[in-house]
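Read off the chains here:
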Amino acid sequence: MSTTVETATEIRPFHLEIPQDQIEELLRRVAATRWPSKELVDDRSQGVQLATMQALARYWTTDYDWRKAEAQLNGLPQFTTEIEGIDIHFIHVKSPHADALPLVMTHGWPGSVIELLEAVRPLTDPTSNGGTAADAFDLVLPSLPGYGFSGEPREVGWNVGRIAQAWAELMHRLGYTRYVAQGGDVGASVTDQMGRQAPEGLLGIHMNLLVTTLSGAPVPEKTEEERAARAAIDTFRASGFGYFLEMATRPQTIGYAQLDSPVALAAWMLDHDTDAYYKIASAFVDGKPSGNLTRDHILDNITTYWLTGTGASAARSYWENGRFGAQAAGKTPPPVTLPVGFTTFPGEIWQSPRSWVEAGYPNVTYFNKAAKGGHFAAWEEPEIFSTEVRAAFRSLR
């Protein structure tokens, strides 16, 4: 006999099987796209370029196979569990090595768990990737509420602080009494909040985007490195901030296009940072991917958003987090007293100096500048990314 509480906290296996008619409808809509005229400049300053989108659409309708992505996902242990009224989807891969350290790793926007898949093997089985068994992790990859295969919030309030609490509950529900957390992009904000909340069992955190700087925390600007980072942020806010501002203030407005047109959804998702955009454009236009930012992997992620209909609900998370930030404005946030690791990747929107990381986190136990990679570090360079995660948490085992 099961009680209501037991049913609510049950962990259920998840298997993905998209009906064929949904895939055919996707392809029909891509083929029926009404195209704008070509941009009037030779760069991305007017937005995602026509040649990029037409090359993407051609590949989507002629060569891309969603079933491969579906099989990859179904080849991993997937589950759902209800937390505060939302079915949270997560991948849970246990290491073949004894005494593996549990790690909850959070994706961002416009990513999903898709962007983390290539890091699963090197993190859970490092001996297959040049590491040692002592560096192994049990890996938990949740889909953010309103993203991908997780349920969509039906009420306001699902900001990064609340998601951090949900992740702590998830790890507790999985039976982990000690674990670490990692994140980039929105996932970095969730991980930051986990560090500030310091739930029982959390040993330390690692991030690859410095969210304290985006929130306006003061940082030194005396050295050439610090001034270069500030200049990069200023450039982003002046010419690359459109998607952020729209989703933080009017997510429903852009949601109509994302739910109605696959090409509109794809263009919106590609219009992120300059480095990632040109790498993705090169993969489609020139057939030259950067690391694992291949045509298939990019379309795996975009198609996930389309088939789950989560363009609008994912956009609303920026509105939620904007309100969360506004409510915290002028208040000193709780400090992160846990060990903090940070890796800055050369293609990131800005390269965070160590002085900036230490200004936001007083207990930096690991800092490194990676040789390759950008904003989607786990996706683009999974081996380098995995090496960084292993190094960041090595002292906590």
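Below you will find a few notes about this structure. Since this is a predicted model, take the numbers as computed values, not measurements.

**Topic: the overall build of the protein chain**
The secondary structure content of the protein chain amounts to 18 helices and nine strands. At 20 Å, the protein chain has a C-alpha radius of gyration in line with the 21 Å of a compact globule built from 397 residues. Dimensions of the protein chain, computed from the C-alpha atoms along their principal axes, are close to 65 × 55 × 45 Å. Per-residue burial over the protein chain gives 55% buried out of 397 residues. Relative to all contacts within the protein chain whose residues are 6 or more apart in sequence, the contacts with residues 24 or more apart total 77%. Summing over all exposed atoms, the protein chain offers an accessible surface of approximately 16,900 Å²; the carbon and sulfur share of this is 51%.

**Things to note about the pairing of strand S6 (residues 179–183)**
Taking burial as the measure, the five residues of S6 include five buried ones, the bulk of the element. What you see with S6 is no split at all: Tyr-179, Ala-181 and Gly-183 on one side and Val-180 and Gln-182 on the other are buried throughout. Bridge count between strand S4 (residues 101–106) and S6: four bridges; the pairing is parallel. Bridge assignment links Thr-106 to a residue of S6, and that residue is Gly-183. Pairing of S6 with strand S7 (residues 202–207), which is carried by five bridges, proceeds in the parallel orientation.

**Notes on the nonpolar core**
One broad rule of soluble globular proteins: the nonpolar side chains tend to lie buried together. Core analysis: the biggest nonpolar cluster contains 116 residues, and Trp-109 and Ile-302 have the highest contact counts within it. The dominant element in this core, judged by the number of residues it contributes, is helix H6 (residues 160–173), at eight residues. Sequence-distant contacts of Trp-109, defined by excluding residues within four places in its chain, comprise Tyr-147, Asp-185, Val-186, Tyr-243, Met-247, Trp-268, Met-269, His-272, Tyr-305, Ala-314 and Tyr-318.

**Topic: the side chain of Glu-320**
Within the secondary structure, Glu-320 is located in helix H15 (residues 311–328). A distance of 2.9 Å separates a polar side-chain atom of Glu-320 from the backbone nitrogen of Gly-157.

**Comments concerning the environment of Phe-236**
Mapped onto the fold, Phe-236 is located in helix H9 (residues 224–239). The class of Phe-236 is buried, set by a relative accessible area of 8%. It is 23 Å that separates the C-alpha atoms of Phe-236 and Asn-368, two residues lying 132 residues apart in sequence.

**Focus on the sheet that holds strand S9 (residues 364–369)**
With respect to topology, nine strands assemble into an open sheet ordered S1-S2-S3-S5-S4-S6-S7-S8-S9, the strand pairing being mixed. The sheet is open, and its two borders are formed by strand S1 (11–13) and S9, each paired with just one other strand. Strand-to-strand twist in this sheet, taken as the mean axis angle between neighbours without regard to direction, amounts to 25°. Across four bridges, S4 lies against strand S5 (residues 137–142) in parallel orientation. By the bridge assignment for S5, Leu-103 is matched with Leu-139. Packed onto the sheet, helix H7 (residues 186–197) meets S4, S6 and S7 and runs at close to 150° relative to S7.

**Structural notes on the packing of aromatic side chains**
Under the defined criterion, the tally for this structure stands at 16 aromatic pairs. Aromatic side chains Tyr-243 and Tyr-318 sit 6.4 Å apart centroid to centroid with 70° between the ring planes, which places their arrangement in the edge-to-face category. Residue Tyr-243 is located in helix H10 (residues 242–249), and its partner Tyr-318 is located in helix H15; the two are separated by 75 residues in the primary sequence. Across this residue pair, the class does not change: Tyr-243 and Tyr-318 are buried. An aromatic cluster is defined as three or more aromatic residues linked by ring pairs; in this entry it consists of Trp-109, Phe-236, Phe-241, Tyr-243, Phe-244 and Tyr-318. One residue, Arg-397, lies across the ring of Phe-137, its end atom 4.4 Å from the ring centre.

**A closer look at unusual backbone geometry**
In the segment running from Trp-109 into Pro-110, the intervening peptide bond is cis, with an omega of 5°. Structurally, the position occupied by Pro-110 is in the loop between S4 and helix H5 (120–124). A positive phi is found at Glu-84, a non-glycine position, where the angle reads about 50°. At Asp-185, a residue that is not glycine, the phi angle is positive and equals roughly 55°. Topologically, Asp-185 is positioned in the loop between S6 and H7. Relative accessible area serves as the criterion here: at 11%, Asp-185 is assigned to the buried category.

**Let's talk about the packing of helix H2 (residues 20–31) against helix H3 (residues 50–62)**
H3 packs onto H2 with a crossing angle of 145° between their chain directions and a minimal axis gap of 10 Å. Viewed along their axes, H2 and H3 form a crossing whose handedness is left-handed. When H2 is examined against H3, the residues Leu-26, Leu-27, Val-30 and Ala-31 are found in contact with a partner set consisting of Ala-57, Trp-60 and Thr-61. Its residues placed into classes, the contact of H2 with H3 shows six nonpolar, one polar and no charged.

**Re the packing of H3 against helix H13 (residues 274–285)**
Their axes nearest at 9 Å, the elements H3 and H13 cross at an angle of 50°. In terms of orientation, H3 lies oblique with respect to H13. By crossing handedness, the relation of H3 to H13 is classed as left-handed. Taken together, the residues of H13 that come into contact with H3 (itself represented by Ala-51, Thr-52, Ala-55, Leu-56 and Tyr-59) are Tyr-277, Ala-281, Phe-284 and Val-285. Looking at side-chain class alone, the contact of H3 with H13 contains eight nonpolar, one polar and no charged residues.

The rules behind the values
- Residues numbered from 1 in each chain as written.
- Predicted model: local features only at pLDDT ≥ 70, side-chain atom pairs only at ≥ 80, totals over all residues.
- Heavy atoms only, no water.
- Helix = DSSP H or I, 4+ residues; strand = E, 2+ residues; numbered from the N terminus.
- Rg over C-alpha atoms; globule rule 2.2 N^0.38 Å.
- Buried < 20%, exposed > 50% of the residue type's maximum accessible area, 1.4 Å probe, protein only.
- Contact = heavy atoms within 4.5 Å.
- Areas by Shrake-Rupley, 256 points an atom, 1.4 Å probe, with all protein chains shown as cover.
- Pairing = 2+ DSSP bridges.
- Core = buried A, V, L, I, M, F, W, Y, C linked by side-chain atoms within 4.5 Å.
- Polar contact = N/O pair within 3.5 Å; in protein donor to acceptor, adjacent residues only side chain to side chain.
- Axes fitted to C-alpha atoms, helices over the stretch in contact; angles between N-to-C directions.
- Phe/Tyr/Trp six-rings, centres within 6.5 Å; stacked < 30°, edge-to-face > 60°.
- Lys NZ or Arg CZ within 6 Å of the ring centre and 35° of its normal.
- Left-handed = near helix turned anticlockwise from the far one by under 90°.
- Nonpolar A, V, L, I, M, F, W, Y, C, P; charged D, E, K, R; others polar.
- Parallel < 35°, antiparallel > 145°, perpendicular 65-115°, else oblique.

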